[in-house]
Amino acid sequence: MSKDVVKVDEFEALAKKKMPKMAFDYYASGAEDEHTLQQNREAFSRIRLRPRILVDVSSVNTSTTVLGFRIAMPIMVAPAALHKLAHPEGEVATARAVSAADTIMILSTTSSCSMEEVAAAAPGVRFFQLYVYKDRKISEHLVRRAEDAGFSALVLTVDTPRLGRREADLKNKSIDQGTSVIIIFYTLVVVFSQTGSSMLASWADKLFDRSLSWKDVKWLKSITKLPIILKGILNGEDAILAVQAGAAGIMVSNHGARQLDYVPPTISILEEVVKAVGGQVPVFLDGGIRRGTDVFKALALGASGVFVGRPSVFGLAVDGEAGVKKMLEMLRDELERTMTLMGVCSVDQISRHHVETEYEYKNGCNCSHHMHSKL
């Protein structure tokens, strides 16, 4: 049970004991050699904190605003497929936990619960993650369903012209053929209940469109008034193009290191993206968040908020709704403690001078942003 968990990382080890091997590996594994998977975590450890002392921190507030929505903390839940592989209640349980934490959840296109079920589960702000299919009618139908169900934004995944090579999944197909069929079944039947059964036969052909380009972002904007966040940006050049295409926000993401190995860890590319967009749109980050200090570092480097993926699923596997709720509470409490010890009273007070990158401390960089104090 989650009551004995004292840090977010512990949920993964407990989930491994509770989940079928195939299901755990499906969530835990990364692409190929899993170099980026490891670096997503380790890159945070190479950033140092620079606390300020003798600051009145008798009142510390973690709340923030995302796309105009006020939430209790800049920590949100990323889209992840098939939560019912982790727990029988699936995304419905996750949604209740996120609502209790007063933050935002992104529902995956490959959810094992329908949009309507999740929307009815609890009040709160939710975004919907979307793929653009070869048959644009499928995508448009999903958009309409999201609008009707009260979702507040779309999150378009832009890094998946095809699936990455996830070798743990390949091995498990020979080990547990029956369980592998469950994933296929959910993808073909449960998920497709959101798009209409008449489209079921052609699902496999339409899942990923390799011709997807910037013109399709503009097409998506033309069919909805919902704000669109682009998920999967990993450089400043694409960030600029995203703004030009009308994105309302950018998520720096490498798909949990599940697509292309040896791309940068997300925290290491965050500042490049933030500088490229120059404050025109908010920039978010996912990948590797396990501590409140990780959240603080991301905010100091310019993120408007962070999303957690695997910890949500592992918390769900360990203790259902209570596990997800505990995970989010732990991260919020750690962030509040970090802010207090850093001499920061609110999220908007977190700034670049609060952190030092590996390049800066190894090269003795006495950067100007570290030399300007407000006395």
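Look a little higher up for the structure.
The sections below set out a description of the structure shown in this document. All values reported here derive from a predicted model rather than from experimental measurement. The residue count restarts for each chain, going from 1 along the sequence in the order it is written. Per-residue local features are limited, in this predicted model, to residues with pLDDT of at least 70; the limit for side-chain atom pairs, both in listing and counting, is 80 or more; totals at the level of whole chains, interfaces and linings are taken over all residues. Where side-chain values are given, they derive from all heavy atoms of the structure, hydrogens and water being excluded.

**Quick notes on helix α2 (residues 21-28)**
Think of an α-helix as turning once every 3.6 residues; residues three or four places apart then point the same way. α2 sits mainly inside the fold: seven of its eight residues count as buried. Summary of the burial criterion: residues with accessible area below 20% of their type's maximum are buried, those above 50% are exposed, and those between are partly exposed, where the area comes from a 1.4 Å probe applied to protein chains only. Helix numbering and strand numbering both begin at the N terminus, where a helix is a DSSP run of H or I of at least 4 residues and a strand a DSSP run of E of at least 2. All buried positions along α2 are accounted for by Met-22, Ala-23, Phe-24, Asp-25, Tyr-26, Tyr-27 and Ala-28.

**Some points on the pattern of salt bridges**
Note that side chains of opposite charge can pair when their charged atoms are close. Put simply, a salt bridge is a Lys or Arg side-chain nitrogen that is within 4 Å of an Asp or Glu carboxyl oxygen. One pass over the full model with this rule turns up 19 salt bridges. Across the pair Arg-332 and Asp-333 runs a salt bridge, and its minimum N-O distance is 3.0 Å. Here the salt bridges do not stand alone but share partners, grouping Arg-136, Asp-209, Lys-215 and Asp-216 into one network.

**Considering the packing of helix α1 (residues 9-18) against helix α14 (residues 310-342)**
Helix axes are fitted to C-alpha atoms over the stretch in contact, other axes to C-alpha atoms as well, and angles between N-to-C directions run from 0 to 180 degrees. Here α1 crosses α14 at 170°, and the two axes come no closer than 11 Å. Compared by their axis directions, α1 and α14 come out roughly antiparallel. Contacts between α1 and α14 involve Phe-11, Glu-12, Leu-14, Ala-15 and Lys-18 from the former and Phe-314, Gly-315, Ala-317, Val-318, Gly-323, Lys-326, Met-327 and Met-330 from the latter. Split by residue class, the contact of α1 with α14 holds eight nonpolar, two polar and three charged. Put simply, angles under 35 degrees are roughly parallel, angles over 145 are roughly antiparallel, angles from 65 to 115 are roughly perpendicular, and the rest are oblique. Between two residues, a contact is recorded if the distance between any of their heavy atoms is within 4.5 Å. Three classes are used: nonpolar for Ala, Val, Leu, Ile, Met, Phe, Trp, Tyr, Cys and Pro, charged for Asp, Glu, Lys and Arg, and polar for all others, with Gly counted as polar.

**Quick look at the pairing of strand β8 (residues 228-233)**
Of all six residues making up β8, six are buried, and the element is well covered by its neighbours. When DSSP finds two or more bridges between two strands, those strands count as paired. In terms of strand pairing, strand β7 (residues 153-157) meets β8 through four bridges, oriented parallel. Bridge pairing in β8 links Leu-154 to Ile-228. After leaving β8, the chain enters helix α11 (residues 236-244) and then returns to the sheet as strand β9 (residues 249-252), a path that is right-handed. Place the viewer so that the strands point away; then a crossover is right-handed whenever the path from the first strand over the helix to the second strand goes clockwise.

**Considering the nonpolar core**
Counting 100 residues, the largest nonpolar core has Met-19, Tyr-27, Phe-128, Ile-250, Ile-267, Leu-270 and Leu-328 as its most contacted members. A per-element tally of this core places α14 first, with 13 residues. With 14 residues, the next largest nonpolar core counts Ala-153, Val-155, Ile-229 and Met-251 among its residues. What we call a nonpolar core is a set of buried Ala, Val, Leu, Ile, Met, Phe, Trp, Tyr and Cys residues that are connected through their side-chain atoms within 4.5 Å.

**What about unusual backbone geometry?**
Although it is not a glycine, Glu-34 adopts a positive phi angle of roughly 60°. Here Glu-34 shows up in the loop between α2 and α3 (35-45). By relative accessible area, Glu-34 is classed as partly exposed at 29%. The phi dihedral of Ala-257 falls on the positive side, at around 60°, and the residue is not glycine. Looking at where Ala-257 falls in the secondary structure, it is placed in the loop between β9 and α12 (266-277). Relative accessible area serves as the criterion here: at 1%, Ala-257 is assigned to the buried category.

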